[in-house]
Amino acid sequence: MTEPIAGWIWGRNLRAFLELLSRYAGYTFDETDWETIETSIQDTDDEAPDGWYSYPLVGTLATLEVALARAVGGGEVSVRVAGAEAPDLQLRTDTLLSALASV
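What follows covers the overall build of the protein chain. Per the secondary structure count, the protein chain includes three helices and four strands. Overall, the protein chain shows an N-to-C arrangement of helices and strands of β-α-α-β-β-β-α. In terms of overall dimensions, the protein chain is globule-like: its C-alpha atoms have a radius of gyration of 13 Å, near the 13 Å expected for 103 residues. Taking the principal axes of its C-alpha atoms as reference, the protein chain extends roughly 35 × 25 × 25 Å. Counting over 103 residues, the protein chain shows a buried share of 38%. Partitioning the intrachain contacts of the protein chain with sequence separation of at least 6 by distance along the chain shows that 58% fall at a separation of at least 24. Of the roughly 5700 Å² that the protein chain leaves accessible, carbon and sulfur atoms contribute 52%. Separation of charge centres in the protein chain, based on 6 positive and 17 negative side chains, amounts to 7 Å.

Right under this line is the structure:
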C-alpha cells in the first residue's frame, strides 16, 4: 500500500477537488456528498491529530479515503488521500492538489 498523498488546497476549491477526484475513482459525487462534507469539516483542525474528517469515495475504479481538515484562522484545507494505488491516479491526485492550491 502506498503512502497517502497529502497537501493543501484553498477551501473555495474543495468541492471541485472532490468532484474531480471522485470522477477519477469512478464515483458519482452528488449534492448529498457535498452537504455531508461541508457540514462535517466546519469544526476540523489540521493541527490536531484527531481534528480531521474522513470521507470514503468508493468508486468502480478505486476506493479512496479522503481526510480533510481546515486551517484554523485561514482559508486553506489540508488534504490526505489514501488508496490511490495506480500511478496514473497518484499523478492526477497530486496534480489536483497542486493546481487547486495555486488558484
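If you trace the four strands from one edge of the open sheet to the other, you get S1-S4-S3-S2, paired in antiparallel fashion. The two strands at the open ends of the sheet, each matched to only one other strand, are strand S1 (5–10) and strand S2 (53–58). Pairwise comparison of adjacent strand axes, ignoring direction, gives a mean angle of 25° for this sheet. Examined bridge by bridge, S2 and strand S3 (residues 63–70) share six bridges and lie antiparallel to one another. Bridge assignment links Ser54 to a residue of S3, and that residue is Ala67. Contacts between helix H1 (residues 14–25) and the sheet are confined to S1, S2, S3 and strand S4 (76–82), with S3 contributing the most and set at about 170° to the helix.

What follows is about the nonpolar core. Core analysis: the biggest nonpolar cluster contains 26 residues, and Phe17, Ile37, Leu64 and Val79 have the highest contact counts within it. Listing elements by their share of this core, those giving two or more residues are S1, H1, helix H2 (31–40), S2, S3, S4 and helix H3 (87–102). Top contributing element to this core by residue count: H1, with five residues. If sequence neighbours within four positions are ignored, Ile37 has contacts with Leu14, Leu18, Phe29, Tyr53, Tyr55 and Leu68.

As for its position among the elements, Val72 is in the loop between S3 and S4. Owing to a relative accessible area of 64%, Val72 belongs among the exposed residues under this scheme. Ignoring anything within four residues of it in the chain, the contact list for Val72 reads Thr44, Asp45 and Asp46.

Rules used in this analysis
- Residues numbered from 1 in each chain as written.
- Predicted model: local features only at pLDDT ≥ 70, side-chain atom pairs only at ≥ 80, totals over all residues.
- Heavy atoms only, no water.
- Helix = DSSP H or I, 4+ residues; strand = E, 2+ residues; numbered from the N terminus.
- Rg over C-alpha atoms; globule rule 2.2 N^0.38 Å.
- Buried < 20%, exposed > 50% of the residue type's maximum accessible area, 1.4 Å probe, protein only.
- Contact = heavy atoms within 4.5 Å.
- Areas by Shrake-Rupley, 256 points an atom, 1.4 Å probe, with all protein chains shown as cover.
- Lys, Arg positive; Asp, Glu negative; His and termini not counted.
- Charge placed at Lys NZ, Arg CZ, Asp CG, Glu CD.
- Pairing = 2+ DSSP bridges.
- Axes fitted to C-alpha atoms, helices over the stretch in contact; angles between N-to-C directions.
- Core = buried A, V, L, I, M, F, W, Y, C linked by side-chain atoms within 4.5 Å.

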